[in-house]
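Notes for the structure review
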Amino acid sequence: MQSYNAPEVEKKWQQKWKESGLHKANLENPEKPKYYNLTMFPYPSGDKLHIGHWYNYGPVDTWGRYMKMKGFEVFQPMGFDSFGLPAENYAIKTGVHPAETTRTNIDKMKEQIAAIGGMYDLDLNLETSSPEYYKWTQWVFLQLYKQGLAYRKEAPVNWCPSCMTVLANEQVNDGICERCKTQVVQKNLRQWFFKITAYADKLLDYTGLDWPEKTILMQKHWIGRSEGNEADFRIAEAAGKTVRIFTTRFDTIYGTNFVAVAPEHPNLMDYVTEGQRSAVEKYVQDSKKKNELERQMGDREKTGVFTGMHAINPMTGSEMPIYVADFVLMYGTGALMGTPAHDARDFLFAKTMGLECPQVLVTAAGEVAEDNVKEWKESLHEYGILVNSGPYTDMRTEEALKLMTEQMEREGWGKQVVNFRLRDWLISRQRYWGAPIPIINCEKCGEVAVPDSDLPVVHPHVEDYVPKGTSPLATVEEFVNVKCPTCGGDAKREVDTMDTFVCSSWYFLRYPDAGNSEQAWRKERVNTWMPVDMYIGGPEHACMHLLYARFIHQVMHDLGHVEAKEPFKRLVHQGMVTKDGAKMSKSKGNVVSPDEFVSKYGSDVFRMYLMFMGPFTDGGDWNDRGITGVARFVDRFYRMMQEDGTGEAMDGVVHQTVARASEAVKSMTFNVAIASLMELTNAALKGGLNKAQKEIVTKVLAPLAPHLAEEVWAELGHSESIFKESWPEAEAKFLVKTSVTFAVQVNGKLRGTVDLAPDVSKEDALAAARASENVAKYLTGEVVKEIFVPGKIIGFVVKG
RNA sequence: GCUCGGAUGGCGAAAUGGCAGACGCGCUAGCCUUAGGAGCUAGUACCUUCGGGUGUGAGAGUUCAAGUCUCUCUCCGAGCACCA
């Protein structure tokens, strides 16, 4: 008997698949229903493919092959996110120019990805750092620019002193640079932004998307929509001047007893008396320093300084002090009304400032509230019925808010507004390895867009690309100095590059028409293939790539460039593979190298073990020994296929396996699918399968272990690829059993089992159960209830 | 602090409210081989007076029946973090 030689067999089939074009979809004219199966493209990092790559690409390929066998024209492309910090930092580390490292790394990765044996289309050669791609990234930029959705402004931005560039809010976690873990500082700089806030409401619409609930929640929270009111409070000491506050709970206005303003508030000095000026200025300086050093860390103590002036409560006319306080952010209007009874932070602030902690509880369960609040009460946060609120007393919060809004609008001192936490997307970077921003600055004409016909703005070669705080492109005179496209006079190019997330926010639109030199994509082509039917990638992109991509896609949709509203119809996040429960990292020295195991056991075994560890979305913990179980299974499976049997009494098991495996693959619990095949193999090694049964089983195995399945399929006498076959259906007639084991319970406890026909009547079943010796023993008292669940349970409830 | 997840043998894990622990790792015994990822057979939650009893983080509840549904709590993980 032959034993299975994985390395040889896998090489053979990878070659054959390549020759037959298994990885190619008919993009122009799909005859079957299309299925766009996409994995987030990798950046070429220079290290070998790690377990994380495999954990993604293996199962994604399994899914694609399954969909292919389900009768779809599967498009499964892969390219490289080759512009950006990872590639550039790798180049800086090695001292080799990024253009060179990117090239060699991509070539190396392509080889390694090929060794997985997936049907990924790498021939499209999509690389974001190539001029034929970034030409269209620049075009996308200009599409936004022409709509006023790309603009430049000076603003306080996040600056990473190590990466020597600005960063988007999304790339800063806990005040730390997401890439290099350095403390980020705030700087006022003139930078390029995409106006993603204009799409905030549209981005909150997830209709028709099959996405993980958690991801949607995270995005919703990041976008942070909140409805409320803005209202002007007059300043007692300065006639005609007002301070505008934002609140979501204007109904609590009768409990307001101070106003607090952010230190960064542009009109802060309008609210400061001469006497308090130096104190306020000092506070502002101190809080700026705090901003830079430890704003995020630790102390939640509320601080602030009295400005000397007072605001007038627009409802009651009473005066209250105005403070500058750094717990107030430049969110909303940068000023808030302090209502200690209803907001925990206001309560704390009032306490530290020695303010009276009042007095009126605006809402309660309808009863008159206590006069004084000594302790913070969470319940006062909620909507309720107003008390001590003048004409609004006894109203429900919703009603009071409505009437108060009407009043302020009528009297002209306030209105209803919607605020978002989402900030505009900062896209310019002072780094070398990115797409140049296609803008020219002319002394006469100002900011001028590079005409589409002049694209691409070629990324120049620079020898000294090490970041210094300004873009390295600025050092290339022939790049910088240009003629103005409008007036022909001397002008200078924009030297900043675009954030790599811009490159990756539209690549899925390029794949179906990659290589098109006339346009970013043909509309018909993209409308045939978009939206992406299945998008698989890590959950860490929830509020970055996945949000940006939706935004850009929605803009393209609104401009009529693509029919689909949303880019990704279904989204799945793969889990993480750990080692001994810890995240794998070089510094911990617990990195598992796939290559070693792949060369030992083969790609099929490696991929299957990753899938066998647990549910795909959960990830799993790597165990060097665990893989042997899957290796043994492959041997056993191959052996089972070599043995000829009559297949007697095996039809039920085979079709049972088809049913279970189909269900499992469909729900991406590949571990269960593999387990069901193992069970079948264990059973079949005793009985033996006939040829028809072997064929069915091999088809089930095919997406999970493509090389092995293809080999076995050929040995069964087929000359065409198994991936031209359809996924098998479990036939009902084989699933019908002649006898089923019923569990018999008395008072909920298992007392025995009886084997009966599956369609046995209730009466016969109960009689059979009663007759069972062990059961009869427990049927001593009066039977008050009889339970019969066909095929499963016979139960008695006995009294006494 | 807020918002989500999660907790089942020594380990990874299964289980439309219906016989908990499928499948695999590891372990034990035996067989066959003794160079390799060996192979095959049987066993493997706990207690037991061998009748049975107890077991899915803890405690309550619903139900004939709960790992699964409801409430309270503990612990672990992830995300957000002064957003008024």
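Here, the structure is the one placed above.
Below is a short write-up of the structure. None of these values were measured; they are calculated from a predicted model.

1. Describing the protein's contact with RNA strand B
Taken together, 53 residues are adjacent to RNA strand B, and Thr 248, Arg 345, Arg 632, Asp 635 and Lys 792 come closest. If you look at RNA strand B and keep only atoms within 4 Å of the protein, 63% of those are sugar or phosphate atoms. Within the side chain of Asp 635, an N or O atom sits 2.5 Å from a base nitrogen of RNA strand B. Within the side chain of Asn 671, a nitrogen or oxygen atom sits 3.2 Å from a phosphate oxygen of RNA strand B. Those elements that place two or more of their residues in the surface near RNA strand B are α7 (213-223), β9 (242-247), α18 (627-642), α20 (670-687), β29 (740-746), β30 (749-756), β31 (782-789) and β32 (793-799). Per-element tally for the surface near RNA strand B: the top contributor is α18, with seven residues.

2. Here we look at the packing of α18 against α20
At a closest axis distance of 10 Å, the pairing of α18 and α20 adopts a crossing angle of 45°. Relative to α20, the element α18 lies oblique. As for the relative orientation of α18 and α20, their crossing is left-handed in sense. Contact residues: Gly 629, Val 630, Phe 633, Arg 636, Phe 637, Arg 639 and Met 640 in α18; Leu 677, Met 678, Leu 680, Thr 681, Asn 682, Ala 684 and Leu 685 in α20.

3. Details of the packing of aromatic side chains
Within the structure shown, the criterion is met by 50 aromatic pairs. Members of the aromatic cluster, each reached through a chain of ring pairs, are Phe 141, Tyr 145, Trp 192, Phe 194, Tyr 199, Trp 425, Phe 501, Tyr 548 and Phe 551. A cation sits over an aromatic face here: Arg 493 above Phe 479, 5.5 Å from the ring centre.

4. Here's the deal with the side chain of Asp 346
You can see Asp 346 is positioned in helix α9 (residues 344-352). The side chain of Asp 346 is buried and forms no salt bridge, while Arg 345, the nearest opposite charge, is found at 5.4 Å. From its side chain, Asp 346 meets the backbone nitrogen of Thr 339 in a polar contact 2.9 Å long. Not counting residues within four places of it along the chain, the set of residues in contact with Asp 346 comprises Phe 258, Phe 327, Leu 336, Met 337, Gly 338, Thr 339 and Pro 340.

5. Thoughts on the sheet that holds strand β28 (residues 620-622)
In spatial order, the strands read β27-β26-β28; together these three strands make up an open sheet with mixed pairing. The strands lining the two open edges of the sheet, one partner per strand, are β27 (582-583) and β28. Note that strand β26 (residues 577-579) and β27 share two bridges and pair antiparallel. Within β27, the position partnered with Lys 579 by the bridge is Ala 582.

6. Here we look at the sheet that holds strand β19 (residues 439-442)
Read across the open sheet, the four strands follow the order β20-β19-β22-β21; overall the sheet is antiparallel. The sheet terminates laterally at β20 (446-449) and β21 (481-483), the two strands that pair on one side only. Across this sheet, the average inter-strand angle for adjacent strands is 40°, counted without regard to direction. Where β19 and β20 come together, four bridges link them in antiparallel fashion. Residue pairing for β20: Asn 441 is matched across the bridge by Glu 447.

7. What about the pattern of salt bridges?
On inspection of all chains with the given rule, the structure shows 39 salt bridges. A salt bridge links Arg 225 to Glu 227; the shortest N-O distance between them is 2.8 Å. Relative accessible area serves as the criterion here: at 47%, Glu 227 is assigned to the partly exposed category. Notably, a salt bridge pairs Arg 277 with Glu 281, separated by 3.6 Å at the nearest N-O pair. Of the two residues, Arg 277 and Glu 281 both sit in helix α8 (residues 274-294), four residues apart, roughly one turn of that helix. Through salt bridges with shared partners, a single network forms among Glu 28, Asp 513, Arg 522 and Arg 525.

8. Some words on unusual backbone geometry
With an omega of 0°, the peptide bond running from Leu 455 to Pro 456 counts as cis. Looking at where Pro 456 falls in the secondary structure, it is placed in the loop between β20 and α11 (477-480). In the segment running from Met 530 into Pro 531, the intervening peptide bond is cis, with an omega of 0°. Mapped onto the elements of the fold, Pro 531 is located in the loop between α14 (523-529) and β24 (534-537). Look at Met 164: it is not a glycine, yet its phi comes out positive at around 55°.

Conventions and cut-offs
Residues numbered from 1 in each chain as written. Chains lettered and ligands numbered in written order. Predicted model: local features only at pLDDT ≥ 70, side-chain atom pairs only at ≥ 80, totals over all residues. Heavy atoms only, no water. Near = heavy atom within 4 Å. Polar contact = N/O pair within 3.5 Å; in protein donor to acceptor, adjacent residues only side chain to side chain. Helix = DSSP H or I, 4+ residues; strand = E, 2+ residues; numbered from the N terminus. Axes fitted to C-alpha atoms, helices over the stretch in contact; angles between N-to-C directions. Parallel < 35°, antiparallel > 145°, perpendicular 65-115°, else oblique. Left-handed = near helix turned anticlockwise from the far one by under 90°. Contact = heavy atoms within 4.5 Å. Phe/Tyr/Trp six-rings, centres within 6.5 Å; stacked < 30°, edge-to-face > 60°. Lys NZ or Arg CZ within 6 Å of the ring centre and 35° of its normal. Buried < 20%, exposed > 50% of the residue type's maximum accessible area, 1.4 Å probe, protein only. Lys, Arg positive; Asp, Glu negative; His and termini not counted. Salt bridge = Lys/Arg side-chain N within 4 Å of Asp/Glu carboxyl O. Pairing = 2+ DSSP bridges.

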